[in-house]
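Residue-level listing of the chains:
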Amino acid sequence: MQFQERSRSEVDVAIVGAGAAGVAAARQLKTICPHLSVLVLEAGSRIGGRALSLRPELLAGEPIDLGCGWLHGARTNAWRKIAGDVGLTVDQTPAPWSEGGRRLQSDPEAEDGIEAFFARVDGYSAETDVPLSAMLEPGHSANARLEAIGTYLNGASLDQASLIDYRHYAPGEGPDWRVREGYGTLIGRYAEGLDIRLKTIVSHIDHGAADSVVLTTSCGTLRAKWAIVTVSTNILAAQAIRFTPALPEKVEAAASLPLGLANKLFLAVSPELDMPVDIQAYGSPTSSATGSYQIRPFGSATIEAYFAGPLARELESEGEDAALSFAYEELAGLFGSDIRRHLKFAAISGWAASPHIGGSYAYALPGASAARAVLAASVDERLLFAGEACSLSRYSTAHGAYETGIAAANSVASASGSTVGAVRENRSST
Ligand SMILES: Cc1cc2nc3c(=O)[nH]c(=O)nc-3n(C[C@H](O)[C@H](O)[C@H](O)COP(=O)(O)OP(=O)(O)OC[C@H]3O[C@@H](n4cnc5c(N)ncnc54)[C@H](O)[C@@H]3O)c2cc1C
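Residues numbered from 1 in each chain as written. Predicted model: local features only at pLDDT ≥ 70, side-chain atom pairs only at ≥ 80, totals over all residues.

Caption draft 1: Focus on the overall build of the protein. Broken down by element type, the protein carries 14 helices and 20 strands. For the protein, the C-alpha radius of gyration of 22 Å lies close to 22 Å, the compact-globule estimate for 430 residues. Taking the principal axes of the C-alpha coordinates as reference, the protein spans close to 65 × 50 × 40 Å. Here the protein, with 430 residues, has 49% of them falling under the buried criterion. Across the protein, contacts joining residues at least 24 apart in sequence account for 74% of those joining residues at least 6 apart. (Helix = DSSP H or I, 4+ residues; strand = E, 2+ residues; numbered from the N terminus. Rg over C-alpha atoms; globule rule 2.2 N^0.38 Å. Buried ≥ 20, exposed ≤ 12 C-beta atoms within 10 Å, placed from the backbone. Contact = placed C-beta atoms within 7 Å.)

As C-alpha cells, this is what we get:
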C-alpha cells in the first residue's frame, strides 16, 4: 500500500522504527504536541523490535520474553510506572544478580574473584581505554565465569568490549524486576492508539532541504518536518538506510558500537518434575561458553536458557537442534541425565539473523565510548537519532532506549516552538 492520500505523504514527524525508543518518542509527542501529526514507520510486521513476548501453546499460554525481560534499575525505570498505568503487573522477585536474588550454585572463591575484577574495573583511572579483559587476573579460577558474565553483559567477549564504556553504564537503582505479562507486551500495550505503519522499510532519508526531510520507503515517499531514526547500530553501520547528504560520522559511530548477541531458548518442563522455583544456574563453572538458566521463572513449568557472545553465535548459526542439545547436556550435568525426558522445546530466538535488527544490544569497541554521543547528536535539528545505543549510561536496555526516544521527542517539541512548558511538565512526571 502506497502513501497515496496527501495527508499520508506529509507528516510533521516521521519516526523510523517501532521499538522501545520509537514507541516512547511517538507517545511523548502525542501527549505533549497533540497538534503535530506523527507517523511511525516500522519495517517489520510487529511492534516492539527487540522486545518480543510470546505465549507458546506448549507453555500453556505462559508469557515469555524472547528479547528484553528485566526491568533493570527498576526503581527509576520509566517502563515500571508505565506497566502499572497500562494495567500490567510488575513482579518484584529480585533478579539473581540483585540483592536477595536466588542462585542455585554458591562458589565463594569465584564470587571473590568476580568482585575483585569489578573493583579493578571501577578503580581503572587511566585515560587510555582498554578491553575489559585487561582487568582479568591471569590464571584466576574465576576467569571462565567472568568471561561468561562478560558475554551476558555485552553480548561479546571481554576482549571485544571497552572498559571505559562499561564504567559509564549506570542502569539506575535496582533491584531488577520483571513484567509478569512480558516486557514486549508492555511496549506493545503502550503503543496502542499510535499511528504505526508496519511493513514499511525506510531506505533513504534526504535531509538536504532547510524545511523538511524526505523519506523513501517501500510504501512510497514521505515528507516530514522532522524525522527521528531509532534503528539499531547494525542497521546504520550496514547503511541499510542511506542519507543525503551522507553521514559518515554516524556510520562510523554505529560500526564502533556493534550489536552483541544474546539468545534465549525456552523449554517446557513436565509438571511431575520437582525443580526449585525461579532460581538461576550456570551450566558449567569452568567454561566461558556456558548458558545461564532461569529455572521455573514465576513458578511456571519453564526453563529459560540464555546464551551469549561467541556461544550464542555458534548455536544460532548451527540451528535449533544444536541449542537444544547444548542445553540438554548442561541441564543433565546440573540435575541428572533423567531430566532430558522431562523437557520439550518451546521457543527460541535468533536475533543475529532477525531482519532489520541484526543482534541483541550494542557494546562499544575499546576506544569507542565517545561514539554514543556522536550517534545521539541531531543533524540540522530536523534529523534526530534515538535508540538504546544512543544512551550514554543506560545503553543496551529498553529503558535507556525509552529515554533517548523521549529526549528526541522533546527536542522536536521545543523546535516546533509551542510546547516548551508542556515538555518540562511531562519530563518531571516520568
Ligand atoms: C535476548 C535479549 C535480551 C535482552 N534483555 C534485556 C533486559 O533484560 N532488559 C533490558 O532493558 N533490555 C534487554 N535487552 C535489550 C533491549 O531489548 C533493547 O535495548 C531495546 O529493546 C532496544 O530498543 P530500540 O528501540 O533501541 O531498538 P529496536 O527494538 O531494535 O527498534 C528498532 C526498530 O526499527 C525497525 N527498523 C530497522 N530498520 C528499519 C528501516 N529501514 N525502516 C523502518 N524500520 C526499521 C526494526 O524493525 C525495529 O523494530 C535484551 C535484548 C535481547 C535481544
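Caption draft 2: View of the environment of Asp195. In this structure, Asp195 sits in the loop between helix H7 (183–190) and strand S8 (196–197). Distance from Asp195 to Ala26, taken between C-alpha atoms, is 8.4 Å for residues 169 residues apart in sequence. Once you skip the residues sitting within four places of it in the chain, Asp195 turns out to touch Val38, Leu39 and Val40.

Caption draft 3: Quick look at the pairing of strand S17 (residues 302–308). The buried fraction of S17 is high, at six of seven residues. Pairing of strand S14 (residues 262–269) with S17, which is carried by seven bridges, proceeds in the antiparallel orientation. Its bridge partner being in S17, Leu265 is matched across the sheet by Ala305. As paired elements, strand S16 (residues 292–295) and S17 share four bridges and run antiparallel to each other. (Pairing = 2+ DSSP bridges.)

Caption draft 4: Main features of the environment of Arg189. Looking at the secondary structure, you find Arg189 in helix H7. On the neighbour-count criterion, Arg189 (19 C-beta atoms within 10 Å) is partly exposed. Remark: the alpha-carbon pair of Arg189 and Ala170, spanning 19 residues in sequence, is separated by 27 Å. Contacts of Arg189, omitting those with residues within four sequence positions, involve Val86 and Leu88.

Caption draft 5: Region of the structure containing the sheet that holds strand S18 (residues 343–348). Taken together, the five strands give an open sheet; going across it, the order is S15-S16-S17-S14-S18, and neighbouring strands pair in antiparallel fashion. In this open sheet, the two edge strands, each paired with only one partner strand, are strand S15 (279–282) and S18. Sheet twist, expressed as the average angle between the axes of neighbouring strands with direction ignored, equals 25°. Each of S14, S15, S16 and S17 touches helix H5 (residues 143–154); the most contacted strand, S17, lies at about 95° to it. (Axes fitted to C-alpha atoms, helices over the stretch in contact; angles between N-to-C directions.)

Caption draft 6: Seen up close, the site of the ligand. In the vicinity of the ligand lie 42 residues, with Gly17, Gly19, Gly49, Cys68 and Thr397 positioned nearest. Where the shell around the ligand is concerned, the elements lending two or more residues are helix H2 (20–32), S14 and helix H13 (398–416). Among the residues forming the shell around the ligand, the class breakdown is 21 nonpolar, 17 polar and four charged. (Near = placed C-beta within 6 Å. Nonpolar A, V, L, I, M, F, W, Y, C, P; charged D, E, K, R; others polar.)

Caption draft 7: Quick peek at the nonpolar core. One finds Val13, Ala14, Ile15, Ala25, Leu29, Ala227 and Ile228 to be the most contacted residues of the largest nonpolar core, which totals 127 residues. Considering every element that reaches this core, the biggest residue donor is H13, with nine residues. Those residues in contact with Ile228 that sit more than four places away from it in its chain are Val13, Ile15, Val16, Ala25, Leu384, Ala386 and Ala408. (Core = buried A, V, L, I, M, F, W, Y, C linked by C-beta atoms within 7 Å.)

Caption draft 8: Structural detail: the sheet that holds strand S7 (residues 177–179). Read across the open sheet, the three strands follow the order S5-S7-S6; overall the sheet is antiparallel. Bordering the open sheet on either side are strand S5 (70–71) and strand S6 (90–91), each of which pairs with just one other strand.

Caption draft 9: Geometry of unusual backbone geometry. For the bond from Gly174 to Pro175, the omega torsion is 0°, close enough to zero to count as cis. Residue placement: Pro175 occurs in the loop between helix H6 (163–168) and S7. Along the chain, Thr244 connects to Pro245 via a cis peptide bond; the corresponding omega equals -10°. Take Pro245: it is sitting in the loop between strand S12 (242–244) and helix H9 (248–255). The phi angle at Phe298 is positive, at roughly 60°, despite the residue not being glycine. The topology assignment puts Phe298 in the loop between S16 and S17. Look at Phe298 and you get partly exposed, because 14 C-beta atoms sit within 10 Å. Look at Ser396: it is not a glycine, yet its phi comes out positive at around 75°. Take Ser396: it is sitting in the loop between strand S20 (383–385) and H13. The class of Ser396 is buried, set by 23 C-beta atoms lying within 10 Å.

By themselves these figures say nothing about function.
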